[in-house]
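Here are the chains, one letter per residue:
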Amino acid sequence: MKIYKGIGVSPGIAIGNIYLLEVDMLRMRYKKLTKEESRENIELFKEAIRKTREDLLKIRQQMMDYGNDIFIGHLRLLDDPVFIGEVIKKAQHENTNIEYLFSIQLKEQVNIFKKMDNQYFKERATDLQDVGRRLIQNFMGADEYTFLENIKEDVVIIAHELPPSFISKLQTRHIIGFATEVGSWTSHTAIIARALTIPAVVGLEGIAEECSPGDRLLIDGVDGVVIYDPDSETLKDYDKRRSAQKQQEKRIIAIARKPALTRDREKINILANIEIPQEVNELVRFGAEGIGLYRTEFLFMSRNGKISEDEQYLVYREIASRMYPKPVTIRTLDLGGDKFLHYDDFAEVEKEDVLGLRAIRFCLHEPQIFMSQLKAILRAAYSLNVKMMFPLISEVNELKQALEMLNEAKNQLMTNQIPFNSNLKVGIMIEVPSAVMLADHLARMCDFFSIGTNDLIQYSLAVNRVNKKVAYLYDPLNPAILKLIYLSIQAALKAGIEISMCGEMASDPWVIWLLLAMGLRDFSVSPKLVGSIKEYVSQVDIKGIERNLQKALSCATGTEVRELAEEIVLNNKLPIWQKK
Ligand code: PEP
Ligand code: MG
């Protein structure tokens, strides 16, 4: 038995046999060949290289339409003297099947990248695997993920990281858990797992190397723990926990169906955050009263960065019509920073620089991409339940520019007589401290605010949200954060515009009471938490806790706020699902 500690990104417990994704995709058996067979074998391999090059060029050509030259690195790999040339020479010399030699070479190269200190290079391993996988698939004549379709027993997948294309090909019900070597809350694995409600743990360095296919693996997506070859005591313990969780889920789903009313009869709206259209299937069951944040980044990534206005329109319209008449807030592209570090699809995005050309800045810098998204949203908003939101607004001119682009998009649609909603409601994320300070001006320029605490904490406390070394400073209860939130709510209420919160703090049971006391009535959270928050809200008497607001705001440290929160939670018997 061996215990691994990672980051739990999708709750639940799964126990199954290990399926090593990348190894299986790339594992080839050794064969000794005759000279003649070897010649044929190498010819077939060269043909597969040609086919792979063609495939990549095709995708690259499509991307060029968007002014981006992507896959250039992938194409270079196909001409690489080590990656390809050496393998061909070796196969000729040893009369060994070339696919076997290639898979060994690929694995070695991937491991070199994975072991590099630099996060960017580490994650390049996924790119290398993608090219290798394409090449082997072309060689074998197999479809992507064909191997997965033949699974007949419950398996947990171990991979370096799940590629974005994985979701569209996933068909089997036998995949019950994910454990990956890299990743964060916003990585592909996390997004796919939450969308499919499959338990997942990420950030398990070295796990793909150390665990053998077919052995048992236990995944605990709540505590972020993975247990290789669990003993019978552990299995018994987790069995109990699993049935308790199932019971709890049933109870919460029953609560989730009803509207959320506080004890003093205030209606609180609990909406959901989604990243993938497939998530809409579960939203009604989870009791969500709309979509408060649809992060569109994954849509772009899952199509290798290339998605036309029409394709976007169809996706947005589908989500809007399935949620109708419940509101759906679509956020424009928020790429960069910690989001999708290792994809070259958008060459200009500053991948690791959270203060760089990302989110709205990137969109304003790439007007073609932005314009196609604006038009697609305007068209989808024809059903009237759609709103649009800009991320990372940091100053007035930035919002002005974005609104000018929106006007231009409307003009273009009008000229082409394409129907759209000219009164589309437009809001902004409040997630940069400067936006809080300028909230009175910004409120006059838009229809609503949504507080993005994930970034607001990062930018106001100067703590990179994915840097583990300074994670102790990333404290939602820091009184500075509470004051910024309070100022934002006050500004919105004063200006008479709507305000909600879609950052993780909206589902933090230690502060929901405080947010209610500040006047917040709209929350957008992870779909599975909607029911828990409805239950929580029904225990709160807003009038009763309002007097604690000033106490909280006058605290000097997070610890003091925490003590106060503990008292309130205990006295009001509020349910808790998150450690402090
Ligand atoms: C936030 O920053 O709080 C937010 C909701 O946006 P994201 O997590 O996508 O940056
Ligand atoms: Mg954000």
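Conventions and cut-offs
- Residue numbers restart at each chain and count upward from 1, following the sequence in its written direction.
- All chains are assigned letters beginning at A, and all ligands numbers beginning at 1, according to the order in which they are written.
- In view of the model being predicted, local features appear only for residues whose pLDDT reaches at least 70, and side-chain atom pairs are presented and counted only at 80 or more, with totals across whole chains, interfaces and linings using the full set of residues.
- Hydrogens are left out, water is left out, and the side-chain values use all remaining heavy atoms of the structure.
- All axes are obtained by fitting lines to C-alpha atoms, using only the stretch in contact for helices, and the reported angles, taken between N-to-C directions, cover 0 to 180 degrees.
- Only DSSP runs of H or I with at least four residues qualify as helices, and only runs of E with at least two residues qualify as strands; both kinds are numbered from the N terminus onward.
- Helix crossings fall into two classes, left-handed where the near helix is turned counterclockwise from the far one by less than a right angle and right-handed where it is turned clockwise.
- Any pair of residues with heavy atoms lying within 4.5 Å of one another is described as a contacting pair.
- All amino acids are sorted into three groups, where Ala, Val, Leu, Ile, Met, Phe, Trp, Tyr, Cys and Pro are nonpolar, Asp, Glu, Lys and Arg are charged, and the leftover types, Gly among them, are polar.
- Residues belong to a common nonpolar core when they are buried Ala, Val, Leu, Ile, Met, Phe, Trp, Tyr or Cys residues joined through side-chain atoms within 4.5 Å.
- Per-residue accessibility, obtained with a 1.4 Å probe over protein chains only, is compared with the maximum for each type, and a residue is labelled buried under 20%, exposed over 50%, and partly exposed between these values.
- In short, DSSP must find at least two bridges between two strands for them to pair.
- Here a helix's expected span is defined as the number of its residues, less one, multiplied by 1.5 Å.
- This arc is built from the directions going out from the helix axis to the C-beta atoms.
- Each patch is built from residues that are more than 30% exposed by relative accessible area and take part in no salt bridge. Like charges join if they lie within 9 Å; nonpolar side chains (Val, Leu, Ile, Met, Phe, Trp, Tyr) join within 5 Å.
- We get accessible surface area from the Shrake-Rupley algorithm with a probe of 1.4 Å; when it comes to residues, only the shown protein chains can shield them.
- Salt bridges are counted wherever a side-chain nitrogen of Lys or Arg sits within 4 Å of a carboxyl oxygen of Asp or Glu.

As for the packing of helix α4 (residues 81-94) against helix α5 (residues 98-115)
Here is step 1 of the chain: Where α4 contacts α5, the two axes come as close as 9 Å, and the packing angle between them is 145°. α4 and α5 meet at a crossing whose hand is right-handed. Within the contact between the two elements, α4 uses V82, F83, I84, V87, I88, K90, A91 and E94 and α5 uses I98, L101, F102, Q105, L106 and Q109.
Here is step 2 of the chain: Of the residues that constitute the contact of α4 with α5, the class distribution is 10 nonpolar, 2 polar and 2 charged.

Thoughts on the nonpolar core
Here is step 1 of the chain: Of all hydrophobic cores here, the largest spans 111 residues; its most connected members are Y316, F390, F449, I485, W513 and F523.
Here is step 2 of the chain: Among the elements that take part in this core, helix α16 (residues 367-380) stands out by supplying 8 residues, more than any other.
Here is step 3 of the chain: If we ignore the near neighbours within four places in the chain, the residues touching I485 are I451, T453, L456, M501, M505, L515 and M518.

A few points about the sheet that holds strand β3 (residues 13-20)
Here is step 1 of the chain: Spatially, 8 strands are ordered β1-β8-β7-β3-β4-β5-β6-β2 in an open sheet, and the strand pairing comes out mixed. Of all strands in the sheet, those with a lone pairing partner are β1 (2-5) and β2 (7-10), marking the two edges. Mean inter-strand twist for the sheet, computed between neighbouring axes without regard to direction, equals 30°.
Here is step 2 of the chain: Relative to the sheet, helix α11 (residues 232-256) contacts β3, β7 (216-220) and β8 (225-228), its axis offset from that of β3 by approximately 120°.

What to know about α11
Here is step 1 of the chain: With 25 residues, α11 should reach 36 Å at 1.5 Å per residue; the first-to-last C-alpha distance of 36 Å fits that figure.
Here is step 2 of the chain: Those residues of α11 lying buried are T234, Y238, I252, I253 and A256.
Here is step 3 of the chain: Where the residues of α11 are buried, they touch β3, β7, β8 and α23 (530-537).

Comments concerning helix α26 (residues 558-571)
Three or four residues apart is the spacing at which side chains of an α-helix point the same way, because the helix has 3.6 residues per turn.
Here is step 1 of the chain: Given a rise of 1.5 Å per residue, 14 residues ought to cover 20 Å, and the 20 Å separating the end C-alpha atoms of α26 matches this to within 8%.
Here is step 2 of the chain: Among all positions in α26, only G558, V561, L564, A565, I568 and V569 are buried. Burial along α26 is one-sided: seen end-on, the buried residues are contained in an arc of 135°. Relative to its buried face, α26 has exposed residues pointing more than 90 degrees away, namely E563, L570 and N571.
Here is step 3 of the chain: If you follow the buried residues of α26, they end up packed against α21 (479-495), α22 (512-518), α23, α24 (542-545) and α25 (548-553).
Here is step 4 of the chain: Note on α26: the residue one or two positions beyond its end, K573, has a positive phi of about 50°.

As for a nonpolar patch on the surface
Here is step 1 of the chain: A cluster of nonpolar side chains, namely I112, M116 and F121, defines an oily patch on the protein surface of about 260 Å² accessible area.
Here is step 2 of the chain: On the basis of relative accessibility, which here comes to 36%, the residue F121 falls in the partly exposed class.

Remarks on the pairing of strand β4 (residues 155-159)
Here is step 1 of the chain: Among the 5 residues in β4, 5 count as buried, and that is most of the element.
Here is step 2 of the chain: Side-chain alternation along β4 places V155, I157 and A159 on one buried face and V156 and I158 on a second face that is also buried.
Here is step 3 of the chain: Inspection of the sheet shows β3 paired to β4 by 4 bridges, in the parallel sense. Within β4, the position partnered with I18 by the bridge is V156.
Here is step 4 of the chain: Bridge count for β4 against strand β5 (residues 175-180) is 5 bridges, and the pairing is parallel.

So far we have only geometry, and geometry alone does not tell us how the molecule works.
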